[in-house]
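Observations on the three-dimensional arrangement
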Amino acid sequence: AQTVTQSQPEMSVQEAETVTLSCTYDTSESDYYLFWYKQPPSRQMILVIRQEAYKQQNATENRFSVNFQKAAKSFSLKISDSQLGDAAMYFCAYGRGNRDDKIIFGKGTRLHILP
Amino acid sequence: NAGVTQTPKFQVLKTGQSMTLQCAQDMNHEYMSWYRQDPGMGLRLIHYSVGAGITDQGEVPNGYNVSRSTTEDFPLRLLSAAPSQTSVYFCASSYGQRDGELFFGEGSRLTVL
């Protein structure tokens, strides 16, 4: 069974600094998708970034980028120039590359931004 | 745009009572799912559906039933609530993994006494 592991329950970063959140996953598939979702105190789930496993290029969205290491099954999220609004729970998620399949989430990392 | 609508947002039940959490989406999404969120456990998949008439179990299906009679609706039923089912429940939908992100409802906080 596929699993997603986030080994950092909590992290803190100084405002304007860079922080990296770790995520590893276990799968025997070669075609799959990986996601990072953000959950601020409002509880609303927001997609931050998405990566297709067949793409070698790392996905980026403004200040958010990923380091996708397929062989190591690692998918870390880098947040540059951290802002107070980045404070949230961050969830890594995995989906098999099949339209008819489920998406599995990790346990999350709570990110604190220090002013 | 309504997106994914969950009701109720809050509910308190007594042990043994039954209830249904409603989920509706107006985006014509084929894929719908239910997750529960507990402190330190992340989001765990309860049940999911890839289209009307099709449902499947997720990671923690025990104690929950679902059905998908229409594309729009995916209710989650608790037949005999237990304190272990106290949680925040999220419904989510998408066109399918290849087509983009999961769209989440606002969540429903359920307390079972």
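Just above sits the structure.
These notes cover the structure that comes with them. (Residues numbered from 1 in each chain as written. Chains lettered and ligands numbered in written order. Predicted model: local features only at pLDDT ≥ 70, side-chain atom pairs only at ≥ 80, totals over all residues. Heavy atoms only, no water.)

Describing the overall build of chain A
Defined as follows: In this text, helices come from DSSP runs of H or I with a minimum length of four residues, and strands from runs of E with a minimum of two, each type numbered from the N-terminal end. Radius of gyration here uses only the C-alpha atoms, and the compact-globule reference equals 2.2 Å multiplied by the residue count raised to the power 0.38. Relative accessibility decides the category of a residue: with a 1.4 Å probe and only protein chains considered, values under 20% of the type maximum give buried, values over 50% give exposed, and everything between is partly exposed. Two residues qualify as a contact provided that any one of their heavy atoms is within 4.5 Å of a heavy atom in the partner residue.
Check the secondary structure of chain A and you find zero helices and 12 strands. Along chain A, from the amino end to the carboxyl end, the secondary structure elements read β-β-β-β-β-β-β-β-β-β-β-β. Over its C-alpha trace chain A gives a radius of gyration of 14 Å, about what one expects of a compact globule, namely 13 Å for 115 residues. Principal axes of the C-alpha set define a box for chain A whose edges measure 40 × 25 × 20 Å. For chain A, the residues scored as buried account for 50% of the 115 residues in total. Within chain A, contacts between residues at least 6 apart in sequence are counted, and of these 54% link residues at least 24 apart.

Digging into the pairing of strand β10 (residues 88–96) of chain A
Where a strand is regular, its side chains alternate between the two sheet faces. All names here are of chain A. Cut-off, in case you're wondering: In short, DSSP must find at least two bridges between two strands for them to pair.
Across the nine residues that make up β10, a large majority, eight, are buried. Pairing of strand β5 (residues 32–39) with β10 involves eight bridges; the strand directions are antiparallel. By the bridge assignment, Y33 is partnered in β10 with G95. Taken together, the three bridges between β10 and strand β12 (residues 109–114) define a ladder with antiparallel strand orientation. If you follow A88 over to β12, its bridge partner there is L111. Pairing of β10 with strand β11 (residues 103–105) involves three bridges; the strand directions are antiparallel. By the bridge assignment, G95 is partnered in β11 with I103.

Considerations on the interface of chain A and chain B
As a measure of interface size, the accessible area lost when the parts come together is often cited. We count it as follows: Two parts placed together each lose some accessible area under a 1.4 Å probe, and adding up what both lose gives the buried area. By definition here, a salt bridge exists when the distance from a side-chain nitrogen of Lys or Arg to a carboxyl oxygen of Asp or Glu is within 4 Å. Under this definition, polar contacts are N or O atom pairs within 3.5 Å; protein pairs additionally need one hydrogen-donor-capable and one acceptor-capable atom, and for neighbouring residues in sequence, both atoms have to be side-chain atoms.
Each partner contributes residues to the interface: chain A has 24 residues there, and chain B has 29 residues. When chain A packs against chain B, close to 2,400 Å² is buried across both sides, 49% of that on carbon and sulfur atoms. Remark: the boundary between chain A and chain B carries zero salt bridges. At the junction of chain A with chain B, the criterion picks out seven residue pairs in polar contact (both at pLDDT 80 or more). Every element with two or more residues in the side of chain A that touches chain B is listed here: β5, β6 (46–52), β10 and β11 of chain A. Top element by residues in the side of chain A that touches chain B is β5 of chain A. It accounts for four residues.

Digging into the nonpolar core
Put simply, the rule reads: The criterion is simple. A nonpolar core is a set of buried Ala, Val, Leu, Ile, Met, Phe, Trp, Tyr and Cys residues joined through side-chain atoms within 4.5 Å.
Counting residues in hydrophobic clusters, the biggest one holds 47 residues, and the most contacted among them are W36, L77, Y90 and F105 of chain A together with Y35, L102 and F104 of chain B. Contacts of L102 of chain B, omitting those with residues within four sequence positions, involve Y37, I103 and F105 of chain A together with Y31, S33, Y35, A92, S93 and S94 of chain B. One finds L76, L78, C91 and V112 of chain B within the second-largest nonpolar core, a separate group that totals 19 residues.

A short note on the pattern of salt bridges
Across all of its chains, the model carries eight salt bridges over all chains by this definition. Its salt-bridge partner being E52 of chain A, residue R50 of chain A comes within 3.0 Å of it at the nearest N-O pair. Relative accessible area serves as the criterion here: at 19%, R50 of chain A is assigned to the buried category. A residue is classified by how much of its surface remains accessible, and E52 of chain A, at 11% relative accessible area, is buried. The closest approach of N and O atoms between E106 of chain B and K9 of chain B, which form a salt bridge, is 3.5 Å. Here E106 of chain B is found in the loop between β10 (103–104) and β11 (108–112), whereas its partner K9 of chain B is found in the loop between β1 (4–7) and β2 (10–13), with 97 residues between them in sequence. Its relative accessible area of 44% is what places E106 of chain B among the partly exposed residues. Three or more residues are tied together by salt bridges with common partners; here these are R50, E52 and K55 of chain A.

Describing the state of the cysteines
Residue and element names in this part refer to chain B. Filter applied, for reference: Throughout, a disulfide means two cysteine sulfur atoms within 2.5 Å of one another.
Counted under the stated rule, the structure contains two disulfides over all chains. Each sulfur in the disulfide pair C23 and C91 lies 1.9 Å from the other. The sign of the S-S torsion, about -75°, decides the handedness of the disulfide formed by C23 and C91: left-handed. Of this pair, C23 sits in strand β3 (residues 19–25) while C91 sits in strand β9 (residues 87–94), and the two are 68 residues apart along the sequence. A relative accessible area of 1% means that C23 is categorised as buried. Relative accessible area serves as the criterion here: at 0%, C91 is assigned to the buried category.

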